[in-house]
Amino acid sequence: MTAIDLNADLGESYGAWTLGDDDAMLDVVSSANVACGFHAGDPTTLLRTCRSAARAAVRIGAQVGYHDLAGFGRRFLDVSPADLTADVIYQMGALDALAQVGGSAIAYVKPHGALYNAIVHHREQARAVVDAVTSYDATLPVLGLPGSVFLEEAERAGLRTVAEAFADRAYTPQGTLVSRSEPGAVLSDPHAVAQRVLTMVADGTAVAVDGSTIDVRAESICLHGDSPGAVAMATAVSEQLRANHIDITAFV
């Protein structure tokens, strides 16, 4: 049976501010990209999320990002490589401690938001993130965009790389993500997204914003937990995959 990993960004609530329905998403996904406190998430929220993920037998990934709570980690920061490496180590260590107390441990690393997009092309910052992962635990896989310099640098360093596709984000003809500032960057129709994911998994392709067909080969599909109707969309994707005899299972 064909299988695919479904991941979602979780643990992004902060104090009195609630974002997303983490428990409902954990019933659907196989991997949880848990915030590490730099772009979102407070310690209590992160511990609770890790405990819930452990109970649901969902793998926990450290979603590392820029130190940018005000911007939700979606603003590029011109951080020095040394500072970025230290920031990423700090985030992995903090979340790993909470995950272990919660009955699990971090099983992979996925950059968040602006950092994820920057290291598609920004080689110095890509190397800084890779240096952090190899320094902390070189057995941890990393998730990234196919064709990114991040995955290139990670492979060069001997890390396991996991190519990722996005269920609800529009693609450019070059295979990168359309900026959130552009209209139509985020897709919202659960049925259309579910069919799109089925095509990604079954055929390895997707339709870009200009109508062209691009290669989208991935081991993991991202479902954004903070999108409107995220649970309904995740459920539609899960049901579509299972109806076509595609199993949902973690890549690690």
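The coordinates are above.
My aim in this report is to walk through the structure given alongside it, one point at a time. From a predicted model like this one, the values you see are computed outputs, not experimental measurements. (Residues numbered from 1 in each chain as written. Predicted model: local features only at pLDDT ≥ 70, side-chain atom pairs only at ≥ 80, totals over all residues. Heavy atoms only, no water.)

Turning to the packing of aromatic side chains, a few remarks are in order. Applying the stated criterion across every chain yields a total of five aromatic pairs. Plain terms: the ring middles of Trp17 and Phe72 are 6.4 Å apart, the flat faces sit at 80° to each other, and that makes the pair edge-to-face. With Trp17 in the loop between β1 (2-10) and α1 (22-26) and Phe72 in the loop between β3 (59-64) and α3 (81-101), this pair connects stretches of sequence that are 55 residues apart. Residue classification places Phe72 among the buried residues on the basis of a relative accessible area of 11%. (Phe/Tyr/Trp six-rings, centres within 6.5 Å; stacked < 30°, edge-to-face > 60°. Helix = DSSP H or I, 4+ residues; strand = E, 2+ residues; numbered from the N terminus. Buried < 20%, exposed > 50% of the residue type's maximum accessible area, 1.4 Å probe, protein only.)

Attention shifts here to helix α5 (residues 123-137). In an α-helix, one turn spans 3.6 residues, which is why side chains three or four residues apart end up on the same side. The end-to-end C-alpha distance of α5, which contains 15 residues, comes to 21 Å, matching closely the 21 Å that a straight helix rising 1.5 Å per residue would cover. Residues of α5 that are buried include every one of Gln125, Ala126, Ala128, Val129, Val130, Ala132 and Val133, and no others. Elements in contact with the buried residues of α5: α3, β4 (106-111), α4 (113-118), β5 (142-144) and α6 (149-156). (Expected span 1.5 Å × (residues − 1). Contact = heavy atoms within 4.5 Å.)

A few words on the pairing of strand β9 (residues 220-223). Neither face of β9 is left uncovered, since the one carrying Ser220 and Cys222 and the one carrying Ile221 and Leu223 both have all their residues buried. As paired strands, β1 and β9 are joined by four bridges and run parallel to one another. Its bridge partner lying in β9, Ala8 is registered against Leu223. As paired elements, strand β6 (residues 161-166) and β9 share three bridges and run parallel to each other. Of the residues in β9, the one forming a bridge with Phe166 is Cys222. (Pairing = 2+ DSSP bridges.)

With that settled, consider the environment of Ala236. Structurally, Ala236 is set in helix α8 (residues 230-243). Linking Ala236 and Val28, residues 208 residues apart in sequence, is a C-alpha distance of 9.9 Å. Not counting residues within four places of it along the chain, the set of residues in contact with Ala236 comprises Pro190 and Ala194.

Positionally, Met25 belongs in helix α1. In sequence terms Met25 and Asp9 are 16 residues apart; their C-alpha atoms lie 9.3 Å from each other.

Met92, Leu95, Tyr171, Ile221 and Leu241 are the most contacted members of the largest nonpolar core, which has 77 residues in total. Apart from residues lying up to four places away in sequence, Leu241 is in contact with Ile4, Leu6, Val197, Leu198, Val201, Ile246 and Ile248. Core analysis: the next-biggest nonpolar cluster, separate from the first, contains five residues, Ala107, Tyr108, Val162 and Phe251 among them. (Core = buried A, V, L, I, M, F, W, Y, C linked by side-chain atoms within 4.5 Å.)

The values reported here are purely geometric and, on their own, carry no functional implication.
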